[in-house]
Amino acid sequence: MFLIDLEQGRIIDDKELKDSLANAKPYREWIEKIRIKLDDIEGDDGEVSFPLPDAHSLLDQQQAFGYTQEDLKFILEPMAKAGEEPTGSMGNDAALTVLSRKNKPLYHYFKQLFAQVTNPPIDPIREEMVMSLVSFIGPKPNLLGTTDINPPIRLEVAQPVLSSAQFEKIRNIGQYTGGKFYSHQLDICYPVAWGKEGVEARLASLVAEAEDAVKSGANILIVSDRAMDAKHVAIPALLATSAIHQHLVKRGLRTSTGLVVETGSARETHHIALLGGYGAEAVYPYLTLATLADLAYANGGDAELAAKYQKNFIKAVGKGLMKVMSKMGISTYMSYTGAQIFEAIGLQKSVVKKYFTGTASNVEGIGLFDIAEEAVRLHTSAFGSDPVLANQLDAGGEYAFRIRGEDHLWTPDSIAKLQHATRSNSYSTYKEYAALINDQSKRHLTLRGLFAIKPAGAPVPLDEVESAAEIVKRFATGAMSLGSISTEAHSTLAIAMNRIGGKSNTGEGGEDAARFGRTECGSNAVGSHR
């Protein structure tokens, strides 16, 4: 950065320009005056400060919020032990959420947007210096009001996922800050006897209560489903959070308060990211923390191991949030809060327009009452008499094929036929395999499975159609670098295109000299340069 000063007749270089701007006002002094760090507030610092529910009660709560055995095995336990998000293969062959036979949390209807380039806009590891998970809870000051005499105090948290001790400080923040902050809790549960039809009225009363609380001086709102029990079903936390956030935005009150979500439903990075993207400055996943503590004790540990599991989970989610934010070039959680970097798939536009205003929703689906019905079904199963769920969680089947689990495009039958066809060189078996994969009209798992080809007219005579050898010359592969697919797949694509006379794109801007020669099968593996 440099400035050409025409009056002084000189060029002001980067350092001088930034130093002059940085020293123009006592910014550091201002910041110190208007912030209170949550970690500096004296209180109970124990990581497991809440009483753990008994095993049966914990199981009921987990089932009511849609937990599965896979969530514990593939998501929570690896995060708890390693402090890292679990790794898995790319791609997802499970049924689209709106087409699934299973009851799914609302989170699954949203997909994260990202900048579609090979390298992310920001590398959260190498460019860690520009990344920050710091979140400010409470009223937002006027960024242009540098002359404000009494700007609002803000509560700073080091990262958005709260421990039980941190959340208790926020719940009782008034007594810790001498009245500078005042919290108000919004209960997002309602009697299950109201059924799915009760959700609309409860949401209306929630947003009205939130508005009244802010006007009465509450500068931290706690959106909580902690009151969920056998007689009370919880509105999906994402729906309630976004509804309150959007209502306060429309009323011009959102900058007057902070939003903290206390929920039992959030248990992975995607869930936390969604809550943040739709307004939450901080999230307290109480049921996940209780589940982690239970896992620690089940593994022969004690309170110390439980605290370690919880700390590792929070660390893993933090890393995951940085990865998610960086894919859109967002470097701070404060910029991500309320940014709505998502698209909805399978939700009615009327629901999105009212409760998730501004979110793209090109493929419609279920409405508000359907969302509530899925929550009621999960609740009924949890507190019902289903013998399968009496002593264990549902199997899941999202990440691995299960008989009672989620439907997948790849089934044991299709994989067996593919293996048999390749090993025995059986074309008839291959056709059976191809039929299972290509014909998705019988098992509705994808959007294209809902479509049928409608002929545009009479078939074109074959003598008017170009030969296959001429048609394939127009074929071309996408620009995929060695970082996106394996070396074997990369060279195989080039060999295939060279054989048929098409074009392949290396995606690299160059080629490995080792691939210039002929392969054993007589084809070279050189692709067209990008």
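Residues numbered from 1 in each chain as written. Predicted model: local features only at pLDDT ≥ 70, side-chain atom pairs only at ≥ 80, totals over all residues. Heavy atoms only, no water.

(A) Layout of the pairing of strand β6 (residues 154-157). Burial along β6 is two-sided: the residues Arg154 and Glu156 and Leu155 and Val157 are all buried. In the sheet, strand β3 (residues 35-37) pairs with β6 via 3 bridges, with the strands oriented parallel. The partner of Ile36 across the bridge, within β6, is Leu155. Sheet analysis places strand β5 (residues 135-137) next to β6, joined by 3 bridges and oriented antiparallel. Among the inter-strand pairings, Ile137 is bridged to a residue of β6, identified as Leu155. (Buried < 20%, exposed > 50% of the residue type's maximum accessible area, 1.4 Å probe, protein only. Helix = DSSP H or I, 4+ residues; strand = E, 2+ residues; numbered from the N terminus. Pairing = 2+ DSSP bridges.)

(B) Structural view of the side chain of Thr411. Mapped onto the secondary structure, Thr411 falls in the loop between α14 (368-383) and α15 (412-424). The residues contacting Thr411, other than those within four sequence positions of it, are Phe401 and Arg443. (Contact = heavy atoms within 4.5 Å.)

(C) Local environment of the environment of Ala434. For Ala434, the location among the structural elements is in helix α16 (residues 427-438). Classification of Ala434 by relative accessible area gives buried; the value is 14%. Once the C-alpha coordinates of Ala434 and Leu418 are considered, the two residues, 16 residues apart in sequence, prove to be 8.5 Å apart.

(D) Up close: the pairing of strand β11 (residues 258-262). Among the 5 residues of β11, 5 are classified as buried, and the element is accordingly described as predominantly covered. Burial along β11 is two-sided: the residues Gly258, Val260 and Glu262 and Leu259 and Val261 are all buried. Both β11 and strand β12 (residues 282-284) contribute to a ladder of 3 bridges, which runs parallel. If you follow Val260 over to β12, its bridge partner there is Ala282. After leaving β11, the chain enters helix α9 (residues 269-277) and then returns to the sheet as β12, a path that is right-handed. (Right-handed = clockwise from strand over helix to strand, strands pointing away.)

(E) Summary view of the sheet that holds β12. The sheet built from 4 strands is open, its strands ordered β7-β9-β11-β12 with parallel pairing. The open sheet has two free edges, formed respectively by β7 (183-187) and β12, since each of these has just one partner strand. Mean inter-strand twist for the sheet, computed between neighbouring axes without regard to direction, equals 25°. When β7 meets strand β9 (residues 220-224), the two strands line up parallel, connected through 5 bridges. Counted as the bridge partner of His184 is Leu221 from β9. (Axes fitted to C-alpha atoms, helices over the stretch in contact; angles between N-to-C directions.)

What is shown is where atoms sit, not what they do.
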